[in-house]
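Each chain, written out:
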Amino acid sequence: MIQALAFYLFAAVTVASGVMVISSRNPVHSVLFLILAFFNAAALFVLLGAEFLAMILIVVYVGAVAVLFLFVVMMLDINFVELRQGFARYLPIGAAIGLVLLAEIFLAVGAWTVIPVTADSSITPIPPMNEVTNTHALGALIYTHYVYLFQTAGLILLVAMIGAIVLTLRSRSDVKRQSVDEQNARRPEDVVEVVKVGRGGGV
Amino acid sequence: MNAVTSLPVMMPASAEIFLAIAGMVLLMIGVFRGESSLRFLSYATIATFAVAAILVVTQGGGGEAFYGLFVSEGFAQFAKILILIGSAFAVLLSRDYLVREQAGRFEFPILILFATLGMLMMVSANDLMSLYMSLELQSLSLYVMASIRRDTLKATEAGLKYFVLGALSSGMLLYGCSMIYGFAGTTSFTGLAAVFAAQTGVVPLGLVIGIVFLIAGLAFKVSAVPFHMWTPDVYEGAPTPVTALFAVAPKIAALALFVRAMMDPFADLIGSWQQVLVFVSIASMGLGALGALVQTNIKRLMAYSSIGHMGYLLVGIAAGNQAGVTGVMLYLATYIFMNVGTFAMILAMRRDGRLVEEIGDLAGLSKTHPMMALALMIFMFSMAGIPPLAGFFGKWYVFMAAVDAGLFGLAVIGILTSVIGAFYYLRIIKIMYFDEATQPLDDAVSQDLRVILYGSAVVTVLFVLFISPVYDAAKVAAISLVGA
Amino acid sequence: MLTAIVFLPLLGAIIAGFFGRQIGDRGAQIVTCGAMGISAILGVIAFIEVALGGEPRTVRLMNWISSGTFEVDWALRFDTLTAVMVIVVTVVSTCVHVYSVGYMSHDASKPRFMAYLSLFTFAMLMLVTADNLVQLFFGWEGVGLASYLLIGFWFHKPTANAASIKAFVVNRVGDFGFALGIFGVYMLFDSVQFDVIFAAAPDVAGQTMEFLGFQWDALTIVSILLFIGAMGKSAQLGLHTWLPDAMEGPTPVSALIHAATMVTAGVFLVARMSPMMEYAPTALEVVTVVGALTAFFAATIGVCQTDIKRVIAYSTCSQLGYMFFALGVGAYPAAIFHLMTHAFFKALLFLSAGSVIHAIHDEQDMRNMGGLWRKIPYTYAMMWIGSLALAGIPFFAGYYSKDIMLEAAFGAHSAVGTFAFWMGIAAAVLTAFYSWRLLYLTFHGTPRMDQHTFDHAHESPPVMMGPLVVLAIGAIFSGFVGYEHFVGDGEAAFWGASILMLAREGGENILEMAHHVPTWVKLLPFVMGLIGIGVATLAYVLRPGIPAATAKAVRPLYLFLLNKWYFDEAYDWLFVKRSWQLGQIFWRHGDQSFIDGFGPDGIASMARALAGRASALQSGYVYHYAFAMLIGVSALISWYIVFGG
């Protein structure tokens, strides 16, 4: 009973804050609503008994991603009003497509028939919670069974990193940079010139 | 769940593992040696591809690896060889360009290498998850490459467009995958095939929607209508060697993946996806032929040309039989050489040292550069499907498969559109041979380009002599996927 | 040996035609003339063996077509008729080949010319040695082709091109009849082999067949169809218009093709088919009337022409008319006899005319000649010999052959025969008249060309005069020598089975009847020839004012003749203009607006319009593209939900 109440509460707040993310005018508010949504989603995970995922969600998404978003939003001067221009123009057609798709998905969900063979296989993967901990189970899955996917994900991240560097890193000649070696190698005789200044004359 | 202590089976993935490690090693070399290592890295990449190809060939019958997430059999091996050839050509084509345009970045061959790795993994994907992951590995590398000339507006625009639309298509693909998982309870191709084989009666609607979304995601990658919109813009905007890569290797990989996805897990649901593919195929053939008619930029023209070719290839998939798959594989084998050769020609189109891309710039080529004009004429005739050039046989087998499968309408439309398509190929020939040149193109064409250009032309012409072994190999590959 | 006769010219043509560049002008001339010379010598030997020795034979080369009951072989049939034709063709052709070496000495493409000449000779030999109608048709078209190529040899001249096309097209009309005739023969006899046809002809006589909706006598209709083919090739009245225009070709061509050989192919065809024709009397009457009319008609035109070659061309046309009415009354040997003598003297006349033209730098208009006899005495003499033979002056070749034809016409004692006889007599007067008119205008009187040309007029080189001498010998002696064999008492033994003449009433054949005509009939042609010469002498030597006065007095008649009876104009109005209009209708409405409009052009413009739309979709905006993808997905799903299983 309490569990159900909690679920509906968290779920409702998640959906509501999701709506606020895309509808609020101030981008900073959007990010803050996003953080709220993450927190509620984490709570939902806890309700499901997936405490590891819940913690990861907060650590990674709230602690890192959302804060990064916040920085980006604050540092980039994005005019969201300008971005929304044309929104009204494309709203009808967009809405129409959305509605059609939605109706079709409802049709599909309404006619949901689980294939008999599927029924068995979809129940088995989750081991009893008292035998295997969350963390252990995820570890076995990610690093053993799905090691291939894990490695692929690593490669994707590597490519992303290369891409980010390739596309953005540039050595700018108009910016002065500190060169420690050069500083250390400086000697007084190289840079200091002793000049005897004659009387009545300039340097 | 029991703890697993033994290593997973990895040998069938030897080529991919080698490529991944080699890629990282080369990356380190590049990082520490700087831009001057471009030349070395290019050749090292090609050498890597060669070794990978040897690994592919020598792994025998292949098999599943990594707990069934990965599979390598005759079909995958055939496609991988084609991909490696295509990528190697792309590296060769890019070297001269990067040097001359002062866009030399050592990451370029590395990115091609990782993209190629992604492609090989796509071909071998045996699970919806590995399908998605490999697709992303490949796509991400391509997004970066499209805008590698980050200082030009066109290239950055092309890269961004490609990225945004690619993300949308990935979303669709994932949506489709989750629908399928939701209805079938598994993501493994083997498992899906078993489920659908056992399943009788009406196919659930949600499953069909999932398959349509999956097809949409894959169709984006092969740039089939109506998911083709990015193609002309990206082809035109991206640097030419990148376009040359886009036009060949990723198309092969995506098509092979398409074939596998349709023929392996969903083989028993052919009634559900055949109509979709027929539609997409007709639309692609039609738009490919019509759109190209009014183009003046040769890279844009090649974009429409490749949309058209994808349409013909989808005919083979829509046929849904072994003959169709054989036709697709054979078609792809010929497709590489025609495209690589044509792009070598485009890269050789320089005037006063600058690259030109207008079709009109080819005017009078037959008088100033008779051999190049001859080579390009061979490619154009081949693409138009004029026998006995290579391009004819691909079309022939694909259409025959469609006829075998009872898709007469599709075959007829395919032939009609290839007649329309012949027009714009012939237009290029007409411009080269009958129009007067205003200002001839430069004479200096690098050795690499020459070799690729004439080599591809020779292969295209002489393909007719080797049709039998190639056909046999394609047939073996097809049989390993769908059975006799 | 027989095979060599036919194929040596082909070999020469191939070598000269394809390797002319390598072997050079001189090489090409040597090769073709050599091949022709050998062929001619072999031809003479074959004539002695086959005709004089009385040993007809057939050489079967290979099977050509074999389809059901339709069997056609490549075979060379050598009987007396063929042997006569072969000797005429090879000897005249050799003379012309040699002559051409001199005549074409200033031309740029000698190998091509020699190759064409040899090719023509090959086709002509193929024609005369044919063993069946299809092979004959092959040769028939081959000579047509060679004729086309040679008339248009100077292809940079628009008139030459027009003339070559005209010759080809007009011949095509005749060929259409000929082809229908071959179909008819196959229908009647179930074969196109001569032996089979001739053996079955008596049985088929009297059968009827339906043609154009009416019942006709089968043999008559087939014979007339074949004769239409002959009319086209031999320039008979109605289909003669191409021959004078064909004079645009080089003069040796006119001599070889348009005087001596090709135009006589029609005569040969009718003679060859004599075993069939004899059973179709109605058809023969048609042949007689057409021949007689042509003989007279062409002679009248010849009187007024001013171009030296055209005069001879109309003369040829007229002489062919003689041959045809001789064929028509059944005197095939007489026709072939005249064919042979005519070949010699007409080739002589043409080559002499060519020599004149050569001498005064390609001037062909007789009004610009005159007084040349001192400058080119040998040519003058040759011209005399040719003219005497043509006019039928005793002891020259033409005398024998022309007289026997006229006697046969008279001796046939039929209405058409008598008509042909009187037409022939009238034509004989005109022939003599225009021949001497030609002589006087060309060689006598005051020179009418400019002084420079006259001063530089020169006799032709020996390489041209040699052939003239050979032909002159033929023109003088061939009649006298051949008379006995061809039409005299020895004719039955000579011709053997190659020509069939059915006995007429009284049990005599037509030649015997011809020998038994009254003496005045025998003398009349000669007298008429003298009258013609006399009038010409009066008008052009003694009283030079007469021609102009006469032309003024009977101006309509003069114009009528000058304009060649207005045949060209009538044809132009009746056929050319009409078919031009019809073509315009089909072109503008049928092809351009209907077939192209809905076919290639329509589809092409539709494709272009669609292409414009397709690229208009390519707006460049990312969200448009994204929309397109989403619309695509939802459309596919909707379509599946609505229509799919």
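Along every chain, residues carry numbers that run from 1 in the direction the sequence is written. Chains and ligands are labelled by the order in which they are written, letters from A for the one and numbers from 1 for the other. In keeping with the predicted nature of the model, local features appear solely for residues at pLDDT of at least 70, side-chain atom pairs appear and are counted solely at 80 or more, and the whole-chain, interface and lining totals rest on all residues. Side-chain descriptors were evaluated using all non-hydrogen atoms of the structure, hydrogens and water having been removed beforehand.

Help me out: how do you make sense of the overall build of chain C in this one?
Numbering goes from the N terminus for both helices and strands, where a helix is a DSSP run of H or I of at least four residues and a strand is a run of E of at least two. When helices and strands are tallied, chain C shows 27 helices and four strands. Any residue under 20% of the maximum accessible area for its type is buried, any over 50% is exposed, and the rest in between are partly exposed; the area is computed with a 1.4 Å probe on protein chains only. Per-residue burial for chain C yields a buried fraction of 58% across its 645 residues. In what follows, residue pairs with any heavy atoms lying within 4.5 Å of each other are defined as contacts. Sequence separation of 24 or more characterises 79% of the internal contacts of chain C that already satisfy a separation of 6 or more. Only the protein chains shown count as covering a residue, and every accessible area follows the Shrake-Rupley method with a 1.4 Å probe. Carbon and sulfur atoms make up 69% of the accessible area of chain C, which totals about 24,900 Å².

Would you mind going over the overall build of chain A with me for this structure?
For chain A, the helix and strand inventory stands at ten helices and zero strands. Among the 203 residues that make up chain A, the fraction classed as buried is 23%. Sequence separation of 24 or more characterises 58% of the internal contacts of chain A that already satisfy a separation of 6 or more. Accessible surface for chain A amounts to roughly 15,000 Å². Of this, 69% is attributable to carbon and sulfur atoms.

Looking at this structure, how should I read the interface of chain A and chain C?
A common way to state how big an interface is: give the accessible area lost once the parts meet. If you look at the interface, chain A gives eight residues, while chain C gives ten residues. Throughout, buried area stands for the accessible area (probe radius 1.4 Å) lost by two parts on being put together, summed over both. It is Tyr90, Ile97 and Glu104 of chain A in chain A that bury the most area against chain C; as a group they hold 63% of the surface buried on that side. For salt bridges, the criterion is a side-chain nitrogen of Lys or Arg within 4 Å of an Asp or Glu carboxyl oxygen. Summed over the shared surface of chain A and chain C, the result is zero salt bridges. Two N or O atoms count as a polar contact when they lie within 3.5 Å, although within protein this holds only if one can serve as hydrogen donor and the other as acceptor, and sequence-adjacent residues are included solely when both atoms are side-chain atoms. Counting the contacts that link chain A with chain C gives one residue pair in polar contact (both at pLDDT 80 or more). By residue class, the composition of the side of chain A that touches chain C is six nonpolar, one polar and one charged. The nonpolar class holds Ala, Val, Leu, Ile, Met, Phe, Trp, Tyr, Cys and Pro. Asp, Glu, Lys and Arg form the charged class, and all remaining residues, Gly among them, are polar.

What exactly am I supposed to notice about the nonpolar core here?
Soluble globular proteins tend to bury their nonpolar side chains together. Among the buried residues, those of types Ala, Val, Leu, Ile, Met, Phe, Trp, Tyr and Cys that are joined through side-chain atoms within 4.5 Å form a nonpolar core. Ranked by size, the top nonpolar core spans 226 residues in total, and within it Phe266, Ile317 and Leu362 of chain B carry the most contacts. Listed in part, the 211 residues of the second largest apolar core include Val88, Val253, Val263 and Leu284 of chain C.

Could you clarify how one ought to interpret the packing of aromatic side chains in this entry?
The relative placement of two aromatic rings is captured by the distance of their centres and the angle of their planes. Residues and elements named next belong to chain C. Ring geometry is summarised as follows: Phe, Tyr and Trp rings, the Trp one being its six-membered ring, pair when their centres sit within 6.5 Å, and such pairs are stacked at plane angles under 30 degrees, edge-to-face over 60 and tilted between the two. In the structure shown here, the tally under the stated rule is 59 aromatic pairs over all chains. Ring centres 5.8 Å apart and planes at 15 degrees place the aromatic pair Tyr99 and Tyr103 in the stacked group. Pair noted here: Tyr99 and Tyr103 are both in helix α2 (residues 80-103), with a separation of four residues, about one helical turn. Note on accessibility: Tyr99 and Tyr103 belong to one class, buried. Between the aromatic rings of Tyr399 and Tyr400, the centroid separation amounts to 5.2 Å while the plane-to-plane angle is 70 degrees, which identifies the pairing as edge-to-face. Tyr399 sits in the partly exposed class, given a relative accessible area of 21%.

I tried to follow the confidence of the model for chain C on my own but got confused; where do I start?
For residues with low pLDDT, the predicted coordinates do not support detailed interpretation. Residue and element names in this part refer to chain C. The predictor's confidence in any single residue is recorded as pLDDT, a number from 0 to 100. With 99% of its residues at a pLDDT of 70 or more, chain C shows a mean pLDDT of 86. When mean pLDDT is compared element by element in chain C, helix α10 (residues 265-272) scores highest at 92, while helix α26 (residues 600-616) scores lowest at 75. Per the prediction output, this complex has pTM 0.62; the corresponding ipTM is 0.92.

Would you explain the interface of chain B and chain A in this entry?
Each side of the interface is counted separately: chain B has 45 residues, and chain A has 37 residues. The tally of links from chain B across to chain A stands at zero salt bridges. The interface formed by chain B and chain A holds two residue pairs in polar contact (both at pLDDT 80 or more) in total. Put simply, the parts of the chain that give the side of chain B that touches chain A at least two residues each are α1 (14-33), α4 (107-124), α5 (128-146), α6 (153-184), α7 (189-198) and α8 (205-221) of chain B.

Could you clarify how one ought to interpret the pattern of salt bridges in this entry?
Where charged atoms from two side chains of opposite charge come close, those side chains can pair. Residue and element names in this part refer to chain C. Within this structure, the stated rule accounts for 27 salt bridges over all chains. Of the charged contacts in the structure, one is a salt bridge between Asp79 and Arg77, with a shortest N-O distance of 3.4 Å. In terms of burial, Asp79 and Arg77 fall into one category: buried.

How do you make sense of α26 of chain C when you look at a structure like this?
In this scheme, a helix's expected span is set at 1.5 Å multiplied by one less than its residue total. An ideal rise of 1.5 Å per residue puts 24 Å on 17 residues; α26 of chain C measures up with 24 Å between its terminal C-alpha atoms. Of all the residues in α26 of chain C, the buried ones are Gly602, Ala607, Ala611 and Ala614 of chain C. Looking at the buried residues of α26 of chain C, the elements they touch are α11 (270-293) and α17 (408-434) of chain B together with α25 (567-598) of chain C.

Would you explain unusual backbone geometry in this entry?
Excluding glycine, most residues fall at negative phi; most peptide bonds, likewise, are trans. All names here are of chain B. A cis amide bond, omega 0 degrees, links Val225 with the succeeding residue Pro226. Its place among the elements puts Pro226 in the loop between α8 and α9 (230-237). At the junction of Pro387 and Pro388, the peptide bond is cis and its omega measures out at 0 degrees in the coordinates. Counting through the fold element by element, Pro388 comes out in the loop between α15 (370-384) and α16 (390-404).

Looking at this model, I keep getting lost on the packing of helix α16 (residues 397-411) of chain C against helix α19 (residues 462-486) of chain C. Mind explaining?
The description of two packed helices rests on the angle between their axes and on the distance between the axes. All names here are of chain C. Running from N to C, α16 and α19 point in directions that differ by 45 degrees, and their axes come no closer than 6 Å. Comparing the axis directions of α16 and α19 gives the class oblique. Of the residues in α19, those touching α16 at Ala397, Tyr400 and Ile404 are Gly474, Ala475, Ile476, Ser478, Gly479, Phe480 and Tyr483. Of the residues assigned to the contact of α16 with α19, the class counts are seven nonpolar, three polar and no charged. What counts as an axis is a line fitted to C-alpha atoms, over the stretch in contact for a helix, and the angles between N-to-C directions run from 0 to 180 degrees. Any angle that falls under 35 degrees is termed roughly parallel, while one over 145 is termed roughly antiparallel, one within 65 to 115 roughly perpendicular, and all others oblique.

Got a minute to help me understand the environment of Gly176 of chain B in this structure?
Residue and element names in this part refer to chain B. Looking at where Gly176 falls in the secondary structure, it is placed in helix α6. Sequence-wise, Gly176 and Phe213 are 37 residues apart; in three dimensions their C-alpha atoms are separated by 4.6 Å. When near neighbours in sequence (up to four residues on either side) are disregarded, Gly176 contacts Gly210, Phe213 and Leu214.

Where do I start with the pairing of strand β2 (residues 70-78) of chain C in this structure?
Each regular strand shows side chains that alternate between the opposite faces of the sheet. All names here are of chain C. Counting buried positions along β2 gives seven out of nine residues, so the element sits mostly inside the fold. Bridge count for strand β1 (residues 57-67) against β2 is nine bridges, and the pairing is antiparallel. Counted as the bridge partner of Val59 is Leu76 from β2. One requirement defines pairing of two strands: DSSP has to find at least two bridges between them. With antiparallel pairing between neighbouring strands as the criterion, β1 and β2 make up a hairpin whose turn holds two residues, including Gly68 at a positive phi of roughly 65 degrees.

Got a minute to help me understand helix α8 (residues 147-168) of chain A in this structure?
Because an α-helix completes one turn every 3.6 residues, residues spaced three or four positions apart along the sequence face the same direction. Taking 1.5 Å of rise per residue, 22 residues should cover 32 Å, and α8 of chain A covers 31 Å from first to last C-alpha, within 8% of that figure. Of all the residues in α8 of chain A, the buried ones are Val147, Tyr148, Leu149, Thr152, Leu155, Ile156, Leu158, Val159, Ile162, Gly163 and Val166 of chain A. Each element contacted by the buried residues of α8 of chain A is listed here: α7 (134-145) of chain A together with α1, β2 (70-72), α4 and α5 of chain B.

What exactly am I supposed to notice about the packing of α11 of chain B against helix α27 (residues 622-643) of chain C here?
Where α11 of chain B meets α27 of chain C, the axes come as close as 11 Å, and the angle between the chain directions of the two elements is 135 degrees. With respect to each other, α11 of chain B and α27 of chain C are oriented oblique. Two packed elements cross with a definite hand, and for α11 of chain B against α27 of chain C that hand is right-handed. Along the contact surface, α11 of chain B presents Ser272, Gln275, Val276, Phe279 and Val280 of chain B, while α27 of chain C presents Leu636, Trp639 and Tyr640 of chain C. Note: crossing handedness is left-handed where the near helix turns anticlockwise from the far helix by less than a right angle, and right-handed where it turns clockwise.

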